[in-house]
Amino acid sequence: MDLIEKKLSSKEIYKGKILDLYVDEVMCPHGHKSSRELIRHCKASCVIAKLDNGNFLLEKQYRYPYDEVILEFPAGKCDKDEDPKITALRELEEETGYKANDIEFLGEYYPTCAYTDEIIYLYFASNLVKTKQHLDENEALNVFEVTKDELKELFLNNEIKDGKTQACYLYYLLRNK
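Residues numbered from 1 in each chain as written. Predicted model: local features only at pLDDT ≥ 70, side-chain atom pairs only at ≥ 80, totals over all residues. Heavy atoms only, no water.

Asks: Would you mind going over the overall build of the protein in detail, with residue names and values included?
Replies: In terms of regular secondary structure, the protein is built from three helices and 10 strands. The secondary structure elements of the protein, listed N-terminal to C-terminal, are β-β-β-β-β-β-β-α-β-β-β-α-α. For the protein, the C-alpha atoms occupy an extent of roughly 60 × 40 × 30 Å along the three principal directions. Counting the 177 residues in the protein, one finds 37% classified as buried. (Helix = DSSP H or I, 4+ residues; strand = E, 2+ residues; numbered from the N terminus. Buried < 20%, exposed > 50% of the residue type's maximum accessible area, 1.4 Å probe, protein only.)

Asks: With reference to specific residues and values, describe a nonpolar patch on the surface.
Replies: Together, Ile13, Tyr14 and Val23 line one region of the surface with nonpolar side chains, adding up to about 270 Å² of accessible area. Here Tyr14 shows up in strand β1 (residues 6–15). Residue class for Tyr14 comes out partly exposed when judged on its relative accessible area of 48%. (Patch = residues over 30% accessible without salt bridge, like charges linked within 9 Å, V, L, I, M, F, W, Y side chains within 5 Å. Areas by Shrake-Rupley, 256 points an atom, 1.4 Å probe, with all protein chains shown as cover. Salt bridge = Lys/Arg side-chain N within 4 Å of Asp/Glu carboxyl O.)

Asks: Describe in detail the sheet that holds strand β8 (residues 98–109), supporting the description with residues and values.
Replies: On the basis of which strands lie adjacent, the open sheet formed by four strands has the order β7-β4-β9-β8 and mixed pairing. Two strands bound the open sheet, and with one partner strand each, they are β7 (75–77) and β8. Ignoring strand direction, the axes of neighbouring strands in this sheet form an average angle of 25°. Against the sheet, helix α1 (residues 84–96) makes contact with β4 (44–49), β7, β8 and β9 (120–130), and its axis sits at roughly 130° relative to β8, the strand it touches most. Sheet strands in contact with helix α3 (residues 163–175) are β4, β7, β8 and β9, and its direction is about 95° off that of β8. (Pairing = 2+ DSSP bridges. Axes fitted to C-alpha atoms, helices over the stretch in contact; angles between N-to-C directions. Contact = heavy atoms within 4.5 Å.)

Asks: Give a detailed account of the sheet that holds strand β2 (residues 19–27), specifying residues and quantitative values.
Replies: What links the strands of a sheet is backbone hydrogen bonding, and the strands pair in either a parallel or an antiparallel sense. The three strands are arranged β1-β2-β3 in an open sheet whose pairing can be described as antiparallel. Each edge of the open sheet carries a strand with a single partner, namely β1 and β3 (33–41). Within this sheet the neighbouring strands show an average axis-to-axis angle of 25°, counted without direction.

Asks: Can you tell me about the pattern of salt bridges, naming the residues and giving the values?
Replies: As enumerated under the stated definition, the model contains 11 salt bridges in all. Among the ionic pairs, Glu72 bridges to Lys164, the shortest N-O distance being 2.7 Å. Placement of Glu72 in strand β6 (residues 68–72) and of Lys164 in helix α3 is noted, with a sequence separation of 92 residues between them. The class for Glu72 is buried, based on a relative accessible area of 2%. Two residues, Glu82 and Arg90, come together in a salt bridge whose shortest N-O distance is 2.6 Å.

Asks: Just give me the short version of the packing of aromatic side chains, but keep the residues and values in it.
Replies: Under the counting rule described, the total for this entry stands at four aromatic pairs. Ring centres of Phe56 and Tyr172 lie 5.6 Å apart, and the angle between their planes is 75°; on these two criteria the pair is classed as edge-to-face. Of this pair, Phe56 sits in strand β5 (residues 56–63) while Tyr172 is found in helix α3, placing the two residues 116 residues apart along the sequence. Given the relative accessible area of 2%, Phe56 is considered buried. Their ring planes at 5° and their centres at 4.2 Å tell us that Phe155 and Tyr169 sit as a pair that is stacked. Taken together, the positions of Phe155 in helix α2 (residues 148–156) and Tyr169 in helix α3 put the pair 14 residues apart, joining distant regions of the chain. The same class applies to Phe155 as to Tyr169, namely buried. If you follow Lys130 out to its NZ or CZ, it ends over the ring of Tyr98, 4.7 Å from the centre. (Phe/Tyr/Trp six-rings, centres within 6.5 Å; stacked < 30°, edge-to-face > 60°. Lys NZ or Arg CZ within 6 Å of the ring centre and 35° of its normal.)

Asks: Which residues make up a negative patch on the surface, and what values go with them?
Replies: Together, Asp149, Glu150, Glu153 and Glu159 make up a negatively charged patch on the protein surface. With respect to the helices, strands and loops of the structure, Glu150 is situated in helix α2. (Lys, Arg positive; Asp, Glu negative; His and termini not counted. Charge placed at Lys NZ, Arg CZ, Asp CG, Glu CD.)

Asks: Mind laying out the environment of Asp83, listing which residues take part and the relevant values?
Replies: Position of Asp83 among the secondary structure elements: in the loop between β7 and α1. On the basis of relative accessibility, which here comes to 43%, the residue Asp83 falls in the partly exposed class. Between the alpha carbons of Asp83 and Lys43 there is a distance of 9.6 Å; along the sequence they are 40 residues apart.

Interpretation note: all reported values are geometric properties and have no functional meaning in isolation.
This is how it looks when you write it as structure tokens:
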């Protein structure tokens, strides 16, 4: 059976700095019309970074939608037409003050495929060199190190709820058994 829906029309409802909202009319595979609310979002990168001492870098950052301080790996949105690998390297250094000499692509993550086209590119960074943190003017976060066992416990105790961080860690584990 063909599973593809055909877009019949699209109406932009909102245009923002990082996302745009559309309502599209589609023809479903069974011949019925339906509507789809769609958020068009810029791409982003997320990085699991391992220090030479074997520890990993984590961040604590307040996230307004949840009104909560969240534990995350370094991440950020891609500039227009920016290679996600460049984004990963840039965000790692900006947010943590570490430059990666080695970076490996782990995979792609679709955080919410039912209503957004956002793609987050996942990377593993190593051979890090300490530089200087330089956050954006609207950014506030704390960076800290955790051991492999501490990181595992944070996940097992549901203290890391961020989906991109969970996906990045899973990809890392599967590639580094």
